[in-house]
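Structure at a glance
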Amino acid sequence: MKIFLMPPNSLILFDLVERFGHEPLSLMKALRDRVTSNEIEAPPLNVTLDDVKMGLKYAGIEIPSGIRGRLAIYGPLIDQAEAAIFMEDAPYSFGCVGCQRTNELAKLLVRKRKVPILSIDYPANEEDARDMVVRVKEFLEGLK
Amino acid sequence: MDSNIETRLIFIAPTSDLTPDRIARFIHNLGNEISVKETCYGVVIQGPKDMVKRTLDEVRKMDPNRIYSKIRAFPMGDLRRCRAHHGSRPGFAQLEKEWKDLCLVEQGMICVEKGEKPPTPKKRQKIPVNDLKKLIDEVSP
């Protein structure tokens, strides 16, 4: 099954989802096509006209363009998602306020799709980590 | 770029005895037709998807619970990212944090291997107001 990750570029989640036999829907794969595409002049700083239109499907015109631009990339991943794992409580250094707001909106869009969701926290100690990995495994096995 | 080409980051957990150099040599010895580059956290590999997958499976066998991997958007040595060309490295704060946490995730993987059911950890809660007041009084009486 296709699993949406949050943070969408998380190493831990990407690896665990792959290990337990599912397909992670990652930001890296979505960005790969853009940064290697000849259509974009100075990737990844530019978006195409199509991206702007696609972003409008996921966020209103009043939403800041930075968030809408990010959602143009996240949106198709959310549409494909058959389940999702959210890893919360990330350090502040993970991104700017724009990234945070995009993540909030992306989580809302996933919740609206009514797919199975697992919410966990970044592990702070070994006890948390054991619980986290076991919960991820049980969640992913339960999807099969 | 060919859509069949994949770039992957291979991370070695901080608790592992493996070094990026050893993994790079191991990959070279496999003879698969892929490129390898050593980094501070492990190696970057790039090549046809099936070759990359086969290589990753072999590398994982060296230390299954301490080797982790994810794909990368930018090709290896891309001018916009490669430090050799003074490329920027946004997102490294996240990679660094998750790399540090790999030794914790490793404990989880061992737990899964043994089939243990760990006790549910206590949820972190907000500090009670009275305790906060005590702390404030201690710091600024």
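Structure: see above.
Predicted, not measured: the structure shown is a model, and the values here were computed from it.

Moving on: the environment of A:Ala90. All names here are of chain A. You can see Ala 90 is positioned in the loop between β3 (83-88) and α5 (97-112). What makes Ala 90 partly exposed here is the crowd of 19 C-beta atoms within 10 Å. In this structure the C-alpha to C-alpha distance between Ala 90 and Ser 119, which are 29 residues apart in sequence, comes to 13 Å.

For the rest of this paragraph, the subject is the interface of chain A and chain B. The interface of chain A with chain B comprises 29 residues on the first partner and 28 residues on the second. For the side of chain A that touches chain B, the elements supplying multiple residues, two or more each, are α1 (11-19), α2 (27-35) and α6 (126-142) of chain A. Among the elements that make up the side of chain A that touches chain B, the one with the highest residue count is α6(A) (10 residues). Broken down by class, the residue content of the side of chain A that touches chain B amounts to 15 nonpolar, 5 polar and 9 charged.

Time to look at the nonpolar core. Nonpolar side chains tend to gather and get buried jointly when the protein is soluble and globular. A:Phe4, A:Leu5 and B:Phe11 are the most contacted members of the largest nonpolar core, which has 62 residues in total. The greatest single-element share of this core, amounting to 7 residues, is contributed by helix α4 (residues 65-80) of chain A. The contact partners of B:Phe11, leaving out residues within four places of it in the chain, are A:Leu11, B:Tyr41, B:Gly42, B:Tyr68, B:Ser69, B:Trp99 and B:Leu102.

With that settled, the discussion passes to the packing of helix α1 (residues 20-30) of chain B against helix α2 (residues 49-60) of chain B. For any two helices packed against each other, the geometry comes down to the angle between their axes and how far apart the axes lie. Residue and element names in this part refer to chain B. At a minimum axis separation of 11 Å, α1 and α2 run at an interaxial angle of 130 degrees. In terms of orientation, α1 lies oblique with respect to α2. Here the hand of the crossing between α1 and α2 comes out right-handed. Facing Ile 23, Phe 26, Ile 27 and Leu 30 of α1, the residues of α2 in contact are Thr 55, Glu 58 and Val 59.

Conventions adopted
Residues numbered from 1 in each chain as written. Chains lettered and ligands numbered in written order. Predicted model: local features only at pLDDT ≥ 70, side-chain atom pairs only at ≥ 80, totals over all residues. Helix = DSSP H or I, 4+ residues; strand = E, 2+ residues; numbered from the N terminus. Buried ≥ 20, exposed ≤ 12 C-beta atoms within 10 Å, placed from the backbone. Contact = placed C-beta atoms within 7 Å. Nonpolar A, V, L, I, M, F, W, Y, C, P; charged D, E, K, R; others polar. Core = buried A, V, L, I, M, F, W, Y, C linked by C-beta atoms within 7 Å. Axes fitted to C-alpha atoms, helices over the stretch in contact; angles between N-to-C directions. Parallel < 35°, antiparallel > 145°, perpendicular 65-115°, else oblique. Left-handed = near helix turned anticlockwise from the far one by under 90°.

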